[in-house]
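# Observations on the three-dimensional arrangement
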Amino acid sequence: MSSSKSQSIPEHPVFFSKNVTNILKGTGIILMLFHHLFSCSSDLVEKYQVSSRLIPMDKIMTISALSKICVAVFVFVSACGITISLSQKSQSQQAGYIWHRYKKLASGFLLVYLISILTFFLRTDRLGVYFKEGPLKGIFYMLIDASGLASFFGTPSYNETWWYMSVAILMIFAMPLLISLYDRFGISAVVVAAMLTYVGIPLTAFTTYLFTMLLGIMAVKEGFYGRLLSLKEKYVSIKSDTVFYALLLAFFAFLFLIILTFRFKCGHEDLTDGFLALILSGIFFILTDLKGFCFPFLSLLGKHSMNMFLLHTLIFEYYFTDFIYSFHNWLLITLVLICTSLAVSAVIDLVKEKLPVF
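Residues numbered from 1 in each chain as written. Predicted model: local features only at pLDDT ≥ 70, side-chain atom pairs only at ≥ 80, totals over all residues. Heavy atoms only, no water.

### Some words on the nonpolar core
What counts is decided by this rule: Joining through side-chain atoms within 4.5 Å is the link that ties buried Ala, Val, Leu, Ile, Met, Phe, Trp, Tyr and Cys residues into a set, and such a set is a nonpolar core. Categorising residues by exposure relies on relative accessible area from a 1.4 Å probe, with only protein chains included: less than 20% of the type maximum marks a residue as buried, more than 50% marks it as exposed, and the intermediate range marks it as partly exposed. For the purposes of this entry, the term helix denotes a DSSP run of H or I that reaches at least four residues, the term strand denotes a run of E that reaches at least two, and both are numbered from the N terminus. Any pair of residues with heavy atoms lying within 4.5 Å of one another is described as a contacting pair.
Counting 118 residues, the largest nonpolar core has F38, Y130, M213, I324 and Y325 as its most contacted members. Ranked by the residues each element gives to this core, the list is headed by helix 4 (residues 70–87), at 13 residues. For Y325, the residues in contact, after removing those within four places along its chain, are L37, S41, L44, Y48, V50, F316 and I333.

### Describing the environment of F284
Locating F284 in the fold gives a position in helix 13 (residues 269–290). Sequence separation between F284 and Q91 is 193 residues; the distance between their C-alpha atoms is 32 Å. Residue contacts for F284: discarding those within four places in its chain leaves V20, I23, L24, T27, D289, F295 and L298.

### Examining helix 17 (residues 330–354)
To keep it simple, the criterion reads: A helix is expected to reach a length of 1.5 Å times the quantity of its residues less one. Distance and chemistry together define a polar contact, namely a pair of N or O atoms within 3.5 Å, with one atom able to donate a hydrogen and the other to accept it when in protein, and with adjacent residues in sequence counting only for side-chain atoms on both sides.
Its 25 residues give helix 17 an end-to-end C-alpha distance of 37 Å, which sits within 8% of 36 Å, the value for a rise of 1.5 Å per residue. Along helix 17, the residues that are buried comprise W330, I333, T334, V336, L337, I338, S341, L342, S345 and I348. Tucked inside the fold, the buried residues of helix 17 contact helix 1 (18–39), helix 3 (57–66), helix 5 (91–118), helix 14 (296–303), helix 15 (305–319) and helix 16 (321–325). Where helix 17 begins, the side chain of N329 points an oxygen toward the backbone nitrogen of L331, at a separation of 2.9 Å.

### Here we look at unusual backbone geometry
Despite not being glycine, Q49 shows a phi value in the positive range, around 50 degrees. Within the element layout of this structure, Q49 appears in the loop between helix 2 (42–47) and helix 3. On the basis of relative accessibility, which here comes to 64%, the residue Q49 falls in the exposed class.

### Here's the deal with the layout of surface pockets
Empty space among the atoms can be located by rolling a probe the size of a water molecule over them. We count it as follows: A 1.4 Å probe that fits but cannot get out identifies a cavity on a 1 Å grid over protein atoms alone, an open set with protein on both sides within 12 Å along at least five of seven lines counts as a pocket, and a residue lines either if it has an atom within 4 Å of a point. Grid points are joined across faces, edges and corners, and a volume is the space filled by probe spheres set on the points. Residues are grouped as follows: Ala, Val, Leu, Ile, Met, Phe, Trp, Tyr, Cys and Pro are nonpolar; Asp, Glu, Lys and Arg are charged; every other residue, Gly included, is polar.
In this structure, the largest pocket spans a volume of roughly 1200 Å³. What lines the largest pocket is a set of 38 residues, among which K18, K25, R101, K104 and M306 lie closest to the centre. For the lining of the largest pocket, the elements supplying multiple residues, two or more each, are helix 1, helix 4, helix 5, helix 8 (163–185), helix 14, helix 15 and helix 17. Residues belonging to the lining of the largest pocket are distributed by class as follows: 18 nonpolar, 13 polar and seven charged.

Structure (structure tokens):
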């Protein structure tokens, strides 16, 4: 691939819409809650005797483990969004955009962090994670955690699932460099990112998703979604759009299951999850932007996905465990946590409206 070809986004690109972005985020947050409720909390599943009528519970646990692909979905969507936004700004405007995006992410997290600290009395032992080495270090650890970088510095965190904040923050500042690398080296940059772990570089929370980030950049730069739109006209002699896109959806679904099966049996989630996120985005692009299907609930969840990510562990594991798992059935438990997290997120958004500093 020549570098000139990848210097800019294709002249008439077709990206997935903001609606598809929210739908993907909504799907991702459901997968995240499902993953944390069962795969990451097997002791709670056993303690509260969680049941399943139609699907054996061991299968539910397996599907829950595979639902960790949610992280790649969020990384991929963010990579696409930042790439598109930066492409629409001049060189002098790009630094301002990066700082604006960081401040929006950091301020949203800080509000949830403050709420979490103020409600520590619901689980007093959580605050103790900071002060095992004395009060001064405890305050220092709290400040690092409030910045969202506890995972990066390897310091204690009030909420174990906030590790992703370090990835999200580092990603914002790394994206201009990654885009420049792709512009310079094209698909070679993607291949190198895919091979990092196989040349002796250890995987961290950030490097695990480096391939997914570059895959998102490539999808935008090479007009992946526009190419889907043009496939029928260029290469396929099927008159009916519905038939063609149904076949394409079936192919994507088959490919998704093949890669998911490979992930289950062989691992390599640093590679497989990026491809799964790409395929999932293609599926929703076809269903929503090309065929007009509506997924209002997923879209709503997508708009609240950041708050729900930050809050859900506090609700189901730290504060209200007995309530969430009291429903016993895995599906009811999942639905209750989704609705509870969504309701609290809506309240937090109202607080943000009253406190413009956030």
